Amino acid sequence: MHSADDVLAHILTLLERQITKVTIDTWFSDATAVALKQDCFIIRTTSPFKKQVIDSRYGDMVRDILKELFSADMGFVVMVGDELEELQESEIPSDKDEENYTFEDFVVGSSNRFAHAAALAVATNPAKTYNPLFIYGGSGLGKTHLIKAIAHTVRKNRPDFRVVYIKGDDFINELIKDLSNQRMEEFHNKYRMADILLLDDIQFIAGKEQTQIEFFHTFNALYDANKQIVLTSDRPPKELYSLHSRLQTRFEWGLLADIQPPDYETRIAIIKKKAEKSNIYIPDNLVQYIANNVTANIRQLEGIVLRTKACRELLQQEVTMETINQAIRDILKENPGMKPTASIIISEVCKFYGISPDLIKSNNRRKDVLLPRQVASYVMRQLTDLSLPEIGKELGGQHYSTIINSIEKVQEKMKADPLFESTVKDLMSNITEA
Ligand code: ADP
Ligand code: MG
């Protein structure tokens, strides 16, 4: 459930209850999480001096926080840069992620049913069903989850199998390193002796000449030996334009399975599942609210749940519309390309003017309702891709000509009144940056 990075972030936030942000930055800004083990959390810092300070001044605080987080006594170890080398490889825990990315935890819906079934078939019967299996789809839709679930399942069921999982960009880096150190034999052995090779984000090798050639040979060697190959990519093979056509063809030999963005029901199921896993209760109406407002990908849904949980734990707040809205805005901020939804905009405008969303969506033409409604129209036009009729619909079914009128009114008023202009601008940046 927790990655080491998450735990470090959590610890730093919780430390703010006891020490100032400036102090935390001074000592922890270049600390990185190394590993989270059953009974111990390891971080790394850059100098022996920092290590000493962290150990002596903040070690106990961190141990208390770990106890709070995991309800168990945990060790806390600070390492300095080079010490990492001395740490036995066996001491570095196996990929924690893989334990979280299981088939049981994968919510199946119409958008991913096919890819899920294909992945499960391959995991249960490697090299006997689809070879290669090529899973593609946009970011945050579950490709890595599925490919790691395959790795996890095969490792569990077939301890004799050599499972090799690597990300496309790491494959490239490893190849470059081994080439320059003249260790190509090791490279070949590692990949060609795999019983199942899982290459995540293969799109990175497109356009990389040497890597493609190497991969071509690896692919052939494994395929001919009847070993399973699984690939993921953000696009189907034929859209990997700078990929050699002989690789493209090979990628299409087996099964292509795409993952689409989740539909509403699947989003609801995912939010509930993630909330349950994080031990947090989110009322149904708020679950629906999230599902209506966060539609692009599952990583964001997960982000909302984690933030909501953090709000609850750190600030001891109940889960309310306000905490959810804040979480959604935080996610927007991290994804500048993402557009706020109408209901976020309406709720912010209403909050600013102190009126209720029901009122703004009504036919009431009182001045203190009319102006916020006009501002909301203007902001939606600026910040979303909604059409005029769609904006009208969001505002309780106004005619689009009324919306045009409202937008013009706001533009005129902004020109005439600098104070109003800056209010509207602040409001917009609150919505996109809050
Ligand atoms: P991708 O590799 O396609 O960019 P990931 O597999 O990393 O996406 O998924 C992003 C996050 O969303 C992960 O934490 C993953 O566990 C979660 N996730 C994706 N799809 C599902 C699903 N169907 N059910 C549950 N969690 C999911
Ligand atoms: Mg991925």
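By convention here, each chain's residues receive numbers from 1 onward along its written sequence. Just so you know, chain letters begin at A and ligand numbers begin at 1, following the order they were written in. For a predicted model such as this one, the threshold for reporting local features is a pLDDT of at least 70, and the threshold for listing and counting side-chain atom pairs is 80 or more; totals across whole chains, interfaces and linings nevertheless cover every residue. Based on all heavy atoms of the structure, the side-chain values leave hydrogens and waters out of the count.

Colleague: It is not clear to me how the overall build of the chain should be interpreted in this structure. Could you clarify?
Modeller: For the purposes of this entry, the term helix denotes a DSSP run of H or I that reaches at least four residues, the term strand denotes a run of E that reaches at least two, and both are numbered from the N terminus. Within the chain one finds 21 helices and 8 strands. The C-alpha extent of the chain, read off along each of the three principal axes, is 80 × 60 × 40 Å. Residue burial in the chain is summarised as follows: out of 434 residues, 47% are buried. Each accessible area is a Shrake-Rupley estimate made with a 1.4 Å probe; only the visible protein chains count as cover when residues are assessed. For the chain, the accessible area works out to roughly 21800 Å², and carbon and sulfur atoms hold 49% of it. Each charge class in the chain was averaged separately, 53 positive and 62 negative side chains, and the resulting centres sit 4 Å apart. Buried residues are those whose accessible area, probed at 1.4 Å on protein chains only, stays under 20% of the maximum for their type, while exposed residues exceed 50% and partly exposed ones sit between those limits. Residues counted as positive are Lys and Arg, residues counted as negative are Asp and Glu, and His and the chain ends are not counted. Here the site of a charge means atom NZ of a Lys, CZ of an Arg, CG of an Asp or CD of a Glu.

Colleague: Please clarify how the domain arrangement of the chain should be interpreted in this entry.
Modeller: Accessible area lost upon the coming together of the parts serves often as the stated size of an interface. Annotation comment: domain bounds sourced from an automatic or database domain assignment. Domains assigned within the chain are domain 1 (4-91), domain 2 (100-259), domain 3 (264-333) and domain 4 (342-433). Computed over C-alpha atoms, the centres of domain 1 and domain 3 are 28 Å apart.

Colleague: Would you take a moment to explain the site of ligand 1 for this structure?
Modeller: In the vicinity of ligand 1 lie 17 residues, with Val107, Gly140, Thr144, His145 and Glu302 positioned nearest. The term polar contact refers here to a pair of N or O atoms within 3.5 Å; inside protein, the definition further demands a hydrogen-donor-capable atom paired with an acceptor-capable atom, and it admits residues adjacent in sequence only when both atoms are side-chain atoms. Gly140 has a polar backbone atom sitting 2.7 Å from an oxygen atom of ligand 1. Here Arg299 contributes a side-chain N or O atom positioned 3.0 Å from an oxygen atom of ligand 1. Of the residues belonging to the shell around ligand 1, the class tally is 5 nonpolar, 7 polar and 5 charged. When at least one non-hydrogen atom of a residue lies within 4 Å of a molecule or strand, that residue is treated as near it. Just so you know the grouping, Ala, Val, Leu, Ile, Met, Phe, Trp, Tyr, Cys and Pro go in nonpolar, Asp, Glu, Lys and Arg go in charged, and all remaining residues, Gly too, go in polar.

Colleague: For this particular structure, what's the right way to read the pattern of salt bridges?
Modeller: Side chains carrying opposite charge are able to pair once their charged atoms draw close together. Any Lys or Arg side-chain nitrogen located within 4 Å of an Asp or Glu carboxyl oxygen qualifies as a salt bridge. The full count for this structure, using the stated rule, is 20 salt bridges. Among the salt bridges present, the one from Glu348 reaches Lys351, with a minimum N-O distance of 3.5 Å. With Glu348 and Lys351 both in helix H16 (residues 342-353) and 3 residues apart, the pair spans about one turn of that helix. Between Arg366 and Asp368 there is a salt bridge; the shortest N-O distance is 2.9 Å. One connected set of salt bridges, linked through shared partners, spans Glu322, Arg329, Glu348 and Lys351.

Colleague: Would you mind going over the side chain of Asp195 with me for this structure?
Modeller: Among the secondary structure elements, Asp195 is positioned in the loop between helix H9 (184-192) and strand S6 (196-200). Of the polar contacts made by the side chain of Asp195, one reaches the backbone nitrogen of Arg162; its length is 2.7 Å. Residue contacts are counted whenever heavy atoms from the two residues lie within 4.5 Å of one another. In this structure, Asp195 is in contact with Asp160, Phe161, Arg162, Lys227 and Gln228, ignoring residues within four places of it in sequence.

Colleague: Is there a simple way to explain the packing of H9 against helix H10 (residues 209-224) in this structure?
Modeller: When two helices pack together, their arrangement is given by the angle between their axes and by how far apart the axes lie. Closest axis-to-axis distance for the H9/H10 pair is 10 Å, and the angle between their directions is 40 degrees. In terms of axis orientation, H9 runs oblique to H10. Note that H9 runs across H10; the crossing there is right-handed. Of the residues in H10, those in contact with Met184, Phe187, His188, Tyr191 and Arg192 of H9 are Glu214, His217, Thr218, Ala221 and Leu222. In terms of residue class, the contact of H9 with H10 is built from 5 nonpolar, 3 polar and 2 charged. The axes are straight lines fitted to the C-alpha atoms, using for helices just the contacting stretch, and the angles between their N-to-C directions are given from 0 to 180°. Comment on the angle field: the value is read as roughly parallel under 35 degrees, roughly antiparallel over 145, roughly perpendicular from 65 to 115, and oblique elsewhere. Here is the rule for handedness: rotate from the far helix to the near one, and if that takes an anticlockwise turn smaller than a right angle the crossing is left-handed, while a clockwise turn gives right-handed.

Colleague: Would you mind showing me how to read the packing of helix H13 (residues 284-293) against helix H15 (residues 321-334) here?
Modeller: Two elements in contact, H13 and H15, have axes whose closest approach is 11 Å; the angle formed by their N-to-C orientations is 25 degrees. On the basis of the axis angle, H13 is roughly parallel to H15. At the point where H13 passes H15, the crossing takes the right-handed sense. Here Leu286, Tyr289, Ile290 and Asn293 of H13 come into contact with H15, specifically with Met321, Ile324, Asn325 and Ile328. A per-class count over the contact of H13 with H15 returns 6 nonpolar, 2 polar and no charged.

Colleague: Is there a simple way to think about the side chain of Lys143 in this case?
Modeller: On the secondary structure map, Lys143 appears in helix H7 (residues 143-157). In this structure Lys143 is buried but unpaired, with Asp201 as the nearest side chain of opposite charge at 5.1 Å. In this structure the side chain of Lys143 is engaged in a polar contact, spanning 2.9 Å, whose partner is the backbone oxygen of Gly137. Among the polar contacts listed, one links the side chain of Lys143 to the backbone oxygen of Gly138, at a separation of 2.8 Å. Aside from chain neighbours lying at most four places away, what touches Lys143 is Ile135, Tyr136, Gly137, Gly138, Asp201, Thr232, Ser233, Asp234 and Ile259.

Colleague: How do you make sense of the environment of Leu388 when you look at a structure like this?
Modeller: Tracing the chain through its elements places Leu388 in helix H19 (residues 388-394). For the pair Leu388 and Ser233, spaced 155 residues apart in sequence, the C-alpha to C-alpha distance is 37 Å. The contacts of Leu388, once residues within four sequence positions are left out, are Arg381, Tyr400, Ile403, Ile404 and Ile407.

Colleague: How do you make sense of helix H1 (residues 4-15) when you look at a structure like this?
Modeller: Working note: α-helix, 3.6 residues per turn, so residues spaced by three or four point in the same direction. Under the convention used throughout, the expected extent of a helix is 1.5 Å for every residue step, that is, one less than its residue count. Across its 12 residues, H1 extends 16 Å between first and last C-alpha, which sits within 8% of the 16 Å expected from 1.5 Å per residue. Taken together, the buried positions of H1 are Ala4, Val7, Leu8, His10, Ile11, Leu12, Leu14 and Leu15.

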